[in-house]
Amino acid sequence: MTSPRRERADAARNRVKILTAAAGIVATHGVEGLSMAEVAAAAGVGVGTLYRRFGDRSGLAYALIDKREREFQTAFIEGPPPLGPGVEASARIRAFLHALTDRTVEQLDLLLMAETAAPLARFGGAYDGYHAHLSMLIAQARPGADAYVLADALLAPLAAPLLAHRLRGHGMTAERVKGGLDDLLAAFTTRAPDAP
C-alpha cells in the first residue's frame, strides 16, 4: 500500500528538482540553453524520466510557465477589480489585456518556445481560458456583437511570436501595444447608432 504513495512522492520530488534545474538554466543561459540532457544532468535524473514527464522542451517550457499562469488566472477570475470582478465589463477587458501584455512580456522567451512547438500549440489550455473570459466580458459590454470573433481579435496581438517580433525587431514597446489594444477595445465597445 505504501509503494504507490512513495512513488508519487518521488515523482513530486523529481518534478521540483527538474523545474528548479530548468529555471536555473534559463536564468543563466536563456531559453536557448534549455536542453533536455542538460536539465536532466543538473536535476540528477535520467533523460528518459524527463521525456516521460514533460514530453519535450515545449512541455518543459509550459511547466516553467505554469505557476505564473495559475497566479494570473486567479487574479482575473477572482482577484480585486479592475482585473477581477466588481467593475463594468469594458474596464475589466482593458485591465485583462494590459495584464496579459505584461504577463506575456515577462515570460516571452518561454512562451515563444511553447507556442511555436507545433502548428496549433498556442491554442487550448490557457488560450481557451482567456478566450472564454474575454467572450463573456465582450458579450456584457456589447450585447449582440460576435464576442467569439472579437475575443480572438483582441488576443491576436499578444501571440508570443508576433509580440517578440514587434518588441525586438521593430522597437515597439509594451505600452504601445497596450495603447493599440485600448483603441481596438474603444472601437468595438462604442455602440453604433441604431440603423433607421
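Coordinates for the structure precede this section.
Residues numbered from 1 in each chain as written. Predicted model: local features only at pLDDT ≥ 70, side-chain atom pairs only at ≥ 80, totals over all residues. Heavy atoms only, no water.

Remarks on the overall build of the protein chain
Put simply, the rule reads: Starting at the N terminus, helices and strands are each numbered in turn, a helix being any DSSP run of H or I of at least four residues and a strand any DSSP run of E of at least two. Only protein chains enter the accessibility calculation, which uses a 1.4 Å probe. A residue is then buried if its area is under 20% of the maximum for its type, exposed if over 50%, and partly exposed in between. We call two residues contacting when some pair of their heavy atoms lies within 4.5 Å. Each accessible area is a Shrake-Rupley estimate made with a 1.4 Å probe; only the visible protein chains count as cover when residues are assessed. In this tally, Lys and Arg are treated as positive and Asp and Glu as negative; His is ignored, and so are the chain termini. Think of each charge as sitting on NZ of Lys, CZ of Arg, CG of Asp or CD of Glu.
On a plain count of helices and strands, the protein chain comes out with ten helices and zero strands. The principal-axis extent of the C-alpha atoms belonging to the protein chain is close to 70 × 45 × 30 Å. Of all 196 residues assigned to the protein chain, the portion counted as buried reaches 39%. Once local pairs closer than 6 in sequence are excluded, the contacts in the protein chain between residues at least 24 apart make up 67%. Accessible surface computed for the protein chain: about 10,800 Å², of which carbon and sulfur atoms make up 58%. Of the charged side chains in the protein chain, 22 are positive and 21 negative; the average position of the first set lies 7 Å away from that of the second.

With respect to the nonpolar core
So the rule is basically this: The criterion is simple. A nonpolar core is a set of buried Ala, Val, Leu, Ile, Met, Phe, Trp, Tyr and Cys residues joined through side-chain atoms within 4.5 Å.
One finds L34, L60, I93, F96 and L134 to be the most contacted residues of the largest nonpolar core, which totals 55 residues. Look past the residues within four positions of L34 in its chain and what remains in contact with it is A22, I25, V26, V39, R57, L60, L64 and M113.

Topic: the packing of aromatic side chains
Quick note on the threshold: Only rings of Phe, Tyr and Trp enter the pairing, Trp through its six-membered ring, and a pair is recorded when the two centres are within 6.5 Å. The plane angle decides the type: under 30 degrees is stacked, over 60 is edge-to-face, the rest tilted.
Summed over all chains, the structure comprises seven aromatic pairs. Measuring from ring centre to ring centre gives 5.8 Å for F72 and Y130, while their planes differ by 80 degrees; the resulting arrangement is edge-to-face. With F72 in helix α4 (residues 57–78) and Y130 in helix α7 (residues 125–141), this pair connects stretches of sequence that are 58 residues apart. On the basis of relative accessible area, F72 is assigned to the buried category, the value being 3%. Residue classification places Y130 among the buried positions, given a relative accessible area of 8%.

Considerations on the pattern of salt bridges
If the charged atoms of two oppositely charged side chains come close together, the side chains can form a pair. This is how it is decided: Think of a salt bridge as a Lys or Arg side-chain nitrogen and an Asp or Glu carboxyl oxygen that are within 4 Å of each other.
Throughout the structure, instances matching the rule amount to nine salt bridges. A salt bridge links E115 to R122; the shortest N-O distance between them is 3.4 Å. With a relative accessible area of 15%, R122 lands in the buried category. A single network of salt bridges, built from pairs that share partners, joins D102, E175 and K178.

Structural notes on the layout of surface pockets
Spelled out, the test is: The rule is simple: put a 1 Å grid over the protein atoms alone, call a set of points where a 1.4 Å probe fits but cannot get out a cavity, call an open set with protein on both sides within 12 Å along at least five of seven lines a pocket, and count a residue as lining if it has an atom within 4 Å of a point. Grid points are joined across faces, edges and corners, and a volume is the space filled by probe spheres set on the points. Charged residues are taken to be Asp, Glu, Lys and Arg, nonpolar residues to be Ala, Val, Leu, Ile, Met, Phe, Trp, Tyr, Cys and Pro, and polar residues to be all remaining types, Gly included.
Taken as a whole, the largest pocket spans an internal volume of roughly 350 Å³. Forming the walls of the largest pocket are 21 residues, and the residues nearest its centre are Y62, E69, A126, Y127 and Y130. Elements supplying a minimum of two residues to the lining of the largest pocket: α4, α5 (89–106), α6 (108–115) and α7. The greatest single-element share of the lining of the largest pocket, amounting to six residues, is contributed by α4. Taken together, the residues that form the lining of the largest pocket break down as eleven nonpolar, four polar and six charged.

Details of the packing of α4 against α7
Using the following cut-off: Every angle, taken between N-to-C directions, lies between 0 and 180 degrees, and every axis is a line fitted to C-alpha atoms, over only the stretch in contact when it is a helix. Angle categories: roughly parallel below 35 degrees, roughly antiparallel above 145, roughly perpendicular from 65 to 115, and oblique for all the rest. If you view the pair so one helix is near and one far, a crossing is left-handed when the near helix is turned anticlockwise from the far one by less than a right angle, and right-handed when it is turned clockwise.
The interhelical angle for the contact between α4 and α7, taken along N-to-C directions, is 10 degrees, at an axis separation of 12 Å. Of the possible angle classes, the one that applies to α4 and α7 is roughly parallel. The way α4 lies across α7 gives a crossing that is left-handed. Seen from α4, the contacting residues are E69, F72, Q73 and F76; seen from α7, they are A126, Y130 and H133. Classifying every residue of the contact of α4 with α7 gives four nonpolar, two polar and one charged.

Brief notes about helix α2 (residues 36–43)
Within an α-helix, residues lying three or four positions from one another point in the same direction, as the helix has 3.6 residues per turn. Defined as follows: What the arc covers is the set of directions going from the helix axis to the C-beta atoms.
Taken together, the buried positions of α2 are occupied by M36, V39, A40 and A43. Burial along α2 is one-sided: seen end-on, the buried residues are contained in an arc of 100 degrees. α2 presents A41 and A42 as exposed residues on the side facing more than 90 degrees away from its buried surface. Immediately downstream of α2, the backbone of G44 shows phi near 75 degrees, a positive value.

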